[in-house]
There are 2 protein chains.
Amino acid sequence: MPQLLREAGLRVTPQRALLLEILRDSEGHLDADEIYRRARHRHPRISLSTVYRTLSQLKDQGLVRELHFDEDHHHYELCDTGECKHYHLYCVDCGAVVEFESPLVSELTRQLAREYNFEIVDCRVTVSGHCSACRAKQRACEGESQ
Amino acid sequence: MPQLLREAGLRVTPQRALLLEILRDSEGHLDADEIYRRARHRHPRISLSTVYRTLSQLKDQGLVRELHFDEDHHHYELCDTGECKHYHLYCVDCGAVVEFESPLVSELTRQLAREYNFEIVDCRVTVSGHCSACRAKQRACEGESQ
DNA sequence: TTCATTGCAAACAGTTTGCACCTTC
DNA sequence: GAAGGTGCAAACTGTTTGCAATGAA
């Protein structure tokens, strides 16, 4: 983690290294508050401003991206390194997020770049709906009430 | 517009009809403030709360969707009616938004629904990058400075 | 020793809410 | 006439900023 920071031209501080580790070790998609909560376990005096400031710097350096699901705050995850990009399935009932990959998306971006003469920087695909667990639960409830 | 409101179970008020018209007549992707500004031309006493309240009700009724580009506020557009769904190309330089359609996206959602046993409600694809106008401008500047 | 980074408190922007009055049905 | 909608002002939430103290290089 420290070398990632150095490469990004940022000073290595315990706070920054810790936040990067939390992002790396998480299942992804944490929001600022959850990151803050986890950070305080190991560094009780860290402040929420540092969390926001660091996330924003990491975003500027292309290490982190900010996700918008249908909620009123952001989620953050480490950017994909290498070829393999991932996208998100979001359950509107329980809030669960599942990552997926698909060659269709890179095919799409290739087409768009050509057709619109766009230089593509990022592509986000968020598919929302009812996940299989919530659908099962829903069916169970319906069965009960009838 | 009034019948759209009635069908959604909402009372028909001049404010609501006006806001729906603004959304229909716009090129899409307006933010709350721009909608408010346009609404005041024809209905000077309308309030920003009414704009937010109405947008949120239209969203609940599935008539409007809230878009998150990489900005700190939302944009709104009328939902697609019928089969043809559209998605967005977003220019990170000038903020321009271009809509596109692609059969690849419906193929993708079909695959995902099957593979993850998801009941899909909505799919958002936002491709961001540098649009052709901004790329041209950028190249012109580079040419100048050398 | 220098300058970036931090924690704290205060500010901010976008959005939501409580309430008295008004409008639709 | 009852239920619901509106405008206004005040509240709220997530995020950002100013500043004095601290810590990395």
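So, a few notes on the structure that sits alongside this text. (Residues numbered from 1 in each chain as written. Chains lettered and ligands numbered in written order. Predicted model: local features only at pLDDT ≥ 70, side-chain atom pairs only at ≥ 80, totals over all residues. Heavy atoms only, no water.)

**Quick notes on the relation of the copies chain A and chain B**
Consideration 1: Turning chain A through 180 degrees and shifting it by 0.0 Å along the axis lays it on chain B, with an RMSD of 0.0 Å. This pairing of chains is accounted for by a two-fold axis. Residue A:V125, judged by its C-alpha, is the member of chain A lying nearest the rotation axis, at 2.2 Å.
Consideration 2: Both copies contact each other with a shared surface, as 97% of the interface residues of chain A are interface residues in chain B too. (Least-squares fit on C-alpha atoms with pLDDT ≥ 70 in both. Contact = heavy atoms within 4.5 Å.)

**A few points about the pattern of salt bridges**
Working definition: two side chains of opposite charge can pair if their charged atoms are close together.
Residue and element names in this part refer to chain A.
Consideration 1: For the structure on display, the rule yields 22 salt bridges over all chains.
Consideration 2: The residue R38 makes a salt bridge to E34 at a minimum N-O spacing of 2.8 Å. Separated by 4 residues within a single helix, R38 and E34 lie in helix 3 (residues 32-42), roughly one turn from each other.
Consideration 3: Its relative accessible area of 21% is what places E34 among the partly exposed residues.
Consideration 4: Each member of the salt-bridge network shares a partner with another, and the members are E27, D33, E34, R37 and R38. (Salt bridge = Lys/Arg side-chain N within 4 Å of Asp/Glu carboxyl O. Helix = DSSP H or I, 4+ residues; strand = E, 2+ residues; numbered from the N terminus. Buried < 20%, exposed > 50% of the residue type's maximum accessible area, 1.4 Å probe, protein only.)

**Describing the protein's contact with DNA strand D**
Consideration 1: The local shell around DNA strand D holds 22 residues, among which A:Y52, B:T13, B:Q15, B:T50 and B:R53 are the closest.
Consideration 2: Counting only the atoms of DNA strand D that lie within 4 Å of the protein, the sugar and phosphate share comes to 70%.
Consideration 3: Between DNA strand D and A:R53, the relevant distance is 3.5 Å, taken from a base oxygen to a side-chain nitrogen or oxygen of the residue.
Consideration 4: Between DNA strand D and B:R11 there is a distance of 3.1 Å, counted from a base nitrogen to a side-chain nitrogen or oxygen.
Consideration 5: Among the elements of the structure, helix 4 (48-60) of chain A together with helix 2 (14-25) and helix 4 (48-60) of chain B are those that each provide at least two residues to the surface near DNA strand D.
Consideration 6: Broken down by element, the residue count for the surface near DNA strand D peaks at 4 residues, all from helix 4 of chain A. (Near = heavy atom within 4 Å. Polar contact = N/O pair within 3.5 Å; in protein donor to acceptor, adjacent residues only side chain to side chain.)

**Points about the packing of helix 3 (residues 32-42) of chain B against helix 4 of chain B**
All names here are of chain B.
Consideration 1: Across the interface, helix 3 lies against helix 4 with an axial gap of 10 Å and an inter-helix angle of 120 degrees. Classed by the angle they form, the pair helix 3 and helix 4 counts as oblique. Helix-helix and strand crossings are classified by hand; for helix 3 and helix 4 the assignment is right-handed. Of the residues in helix 4, those touching helix 3 at A32, D33, I35 and Y36 are L48, V51, Y52 and L55.
Consideration 2: Counted by class, the contact of helix 3 with helix 4 contains 7 nonpolar, no polar and 1 charged residues. (Axes fitted to C-alpha atoms, helices over the stretch in contact; angles between N-to-C directions. Parallel < 35°, antiparallel > 145°, perpendicular 65-115°, else oblique. Left-handed = near helix turned anticlockwise from the far one by under 90°. Nonpolar A, V, L, I, M, F, W, Y, C, P; charged D, E, K, R; others polar.)

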